[in-house]
Amino acid sequence: MKTTELRQKDVAGLQTEVKELQKAHFGLRMQKATQQLNNTATLRSTRRDIARAKTILVEKQSADKSAK
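A quick note: this is a predicted structure, and the numbers were derived from the prediction, not measured.

S.K.: Teacher, can you tell me more about the overall build of the protein here?
M.R.: Looking only at helices and strands, the protein features three helices and zero strands. Reading the protein from its N end, one meets helices and strands in the order α-α-α. Here the C-alpha atoms of the protein give a radius of gyration of 14 Å, more than 25% beyond the 11 Å that 2.2 N^0.38 yields for 68 residues. The buried share among the 68 residues of the protein stands at 24%. Sequence separation of 24 or more characterises 67% of the internal contacts of the protein that already satisfy a separation of 6 or more. Taken as a whole, the protein presents about 5,100 Å² of accessible surface, with 51% of it coming from carbon and sulfur. The distance from the centre of the 15 positive side-chain charges to the centre of the 7 negative ones in the protein is 8 Å.

S.K.: When you look at the confidence of the model for the protein in this model, what are you seeing that I'm missing?
M.R.: Atomic detail in the predicted coordinates should be set aside for any region of low pLDDT. When pLDDT is averaged across the protein, the result is 94; 100% of the residues are at 70 or more. Helix α1 (residues 3-7) is the least confidently modelled element of the protein, averaging 92 in pLDDT, while helix α2 (residues 11-33) averages 96, the highest of any element.

S.K.: Please explain the side chain of histidine 25 as it appears in this structure.
M.R.: With respect to the helices and strands, the residue histidine 25 is situated in helix α2. Residue contacts for histidine 25: discarding those within four places in its chain leaves Leu43, Thr46, Arg47 and Ile50.

S.K.: Just checking my understanding: could you explain the pattern of salt bridges for this structure?
M.R.: Pairing is possible between side chains that carry opposite charge, provided their charged atoms lie close to one another. Per the counting criterion, the structure on display carries three salt bridges. Between arginine 7 and glutamate 59 there is a salt bridge, with its nearest N and O atoms 2.8 Å apart. Residue arginine 7 is found in helix α1, and its partner glutamate 59 is found in helix α3 (residues 41-67); the two are separated by 52 residues along the sequence. Given a relative accessible area of 46%, arginine 7 falls into the partly exposed group. Here arginine 52 ties to aspartate 49 by a salt bridge, and the two come within 2.7 Å at their closest N and O atoms. Placement of both arginine 52 and aspartate 49 in helix α3 is noted, with a separation of three residues, approximately one turn of the helix. Overall, the relative accessible area of 28% leaves arginine 52 in the partly exposed class.

S.K.: Can you help me understand the nonpolar core in this one?
M.R.: What tends to happen in soluble globular proteins is that the nonpolar side chains get buried as a cluster. Among the nonpolar cores identified, the biggest contains eight residues, and these are Leu6, Leu14, Val18, Leu21, Ile50, Ala53, Ile56 and Leu57. Ranked by the residues each element gives to this core, the list is headed by α3, at four residues. Non-local contacts of leucine 21, meaning those with residues more than four positions away in its chain, are made with Asp49, Ile50 and Ala53.

Parameters and conventions
Each residue is numbered by its place in its chain's sequence as written, counting from 1. Residue-level local features of this predicted model are given only where pLDDT is at least 70; pairs of side-chain atoms are given and counted only at 80 or more, and the full residue set underlies all totals for whole chains, interfaces and linings. The basis for every side-chain value is the complete set of heavy atoms in the structure, and neither hydrogens nor water enter the calculation. A run of DSSP states H or I qualifies as a helix once it reaches four residues; a run of E qualifies as a strand once it reaches two. Both are numbered from the N-terminal end. As a reference, a globule follows 2.2 Å times the number of residues to the power 0.38, and the radius of gyration itself is taken over C-alpha atoms. Only protein chains enter the accessibility calculation, which uses a 1.4 Å probe; a residue is then buried when its area is under 20% of its type maximum, exposed when over 50%, and partly exposed in between. Contacts were defined at the residue level, with two residues in contact if any of their heavy atoms lie within 4.5 Å. All accessible areas in this document rest on Shrake-Rupley with a 1.4 Å probe, and a residue is counted as covered only by the protein chains that are shown. Charge assignment in this entry is limited to Lys and Arg as positive and Asp and Glu as negative, and neither His nor the chain termini are counted. By convention, the point assigned to a charge is CZ for Arg, NZ for Lys, CD for Glu and CG for Asp. A score from 0 to 100, pLDDT tells how confident the predictor is in each residue. The salt bridge criterion pairs a side-chain nitrogen of Lys or Arg with a carboxyl oxygen of Asp or Glu, the two atoms within 4 Å. Definition used in this section: a nonpolar core is a set of buried Ala, Val, Leu, Ile, Met, Phe, Trp, Tyr and Cys residues joined via side-chain atoms within 4.5 Å.

Spelled out as structure tokens, the structure:
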């Protein structure tokens, strides 16, 4: 997911996006454990997507706190 797409979401949308990405990452890990995962690069990309979403979430939360 691109950062421009993530920056357009609000805090609640980002939180749901992080939860969805974490569920997807868990599913991929289970597929890897049972040797059903063909493309292991998706693990890395989902992990980075989670980090990207969390970073933008923290930026938005700190901007909201400083605005108050």
